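Examination of the molecular architecture
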Amino acid sequence: MLHPERMISADEIKKAIFNDEIIEEYPEDARGESCLVLNTENSRAIHVVCSPKRDYLAIITAYQPTIEQWSS
């Protein structure tokens, strides 16, 4: 909330889930199978971690990765 420029919209999350690529998979995650999705639209990268459930897709977290943590 202190950095409005880093806020992630629901639309950005939807685009990541439906249009972009899975860059990591976590089949043994304690929360259940999950994956990391990358969205590169809107001139910035967005990571979304999600987990498929029987009746829905759980969004665990969404964030803007820092350059120090991730490579292109």
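Residues numbered from 1 in each chain as written. Predicted model: local features only at pLDDT ≥ 70, side-chain atom pairs only at ≥ 80, totals over all residues. Heavy atoms only, no water.

Attention now moves to the nonpolar core. Residues I13, A16, C35, V37, I46, V48 and C50 constitute the largest nonpolar core, which totals seven residues. Listing elements by their share of this core, those giving two or more residues are α1 (10-19), β2 (34-39) and β3 (46-52). The element best represented in this core is β3, accounting for three residues. Ignoring anything within four residues of it in the chain, the contact list for A16 reads V37, N39 and V48. (Core = buried A, V, L, I, M, F, W, Y, C linked by side-chain atoms within 4.5 Å. Buried < 20%, exposed > 50% of the residue type's maximum accessible area, 1.4 Å probe, protein only. Helix = DSSP H or I, 4+ residues; strand = E, 2+ residues; numbered from the N terminus. Contact = heavy atoms within 4.5 Å.)

This part covers the sheet that holds β2. Pairing is antiparallel across the open sheet formed by four strands, whose spatial order is β1-β2-β3-β4. Sheet topology places β1 (21-26) and β4 (57-63) at the edges, where each strand pairs with a single neighbour. In this sheet, neighbouring strand axes are inclined to one another by 25° on average, regardless of whether the strands run parallel or antiparallel. Where β2 and β3 come together, five bridges link them in antiparallel fashion. Counterpart to L38 in the pairing with β3 is H47. The sheet strands contacting α1 are β2, β3 and β4, and the helix crosses β2 at an angle near 110°. (Pairing = 2+ DSSP bridges. Axes fitted to C-alpha atoms, helices over the stretch in contact; angles between N-to-C directions.)

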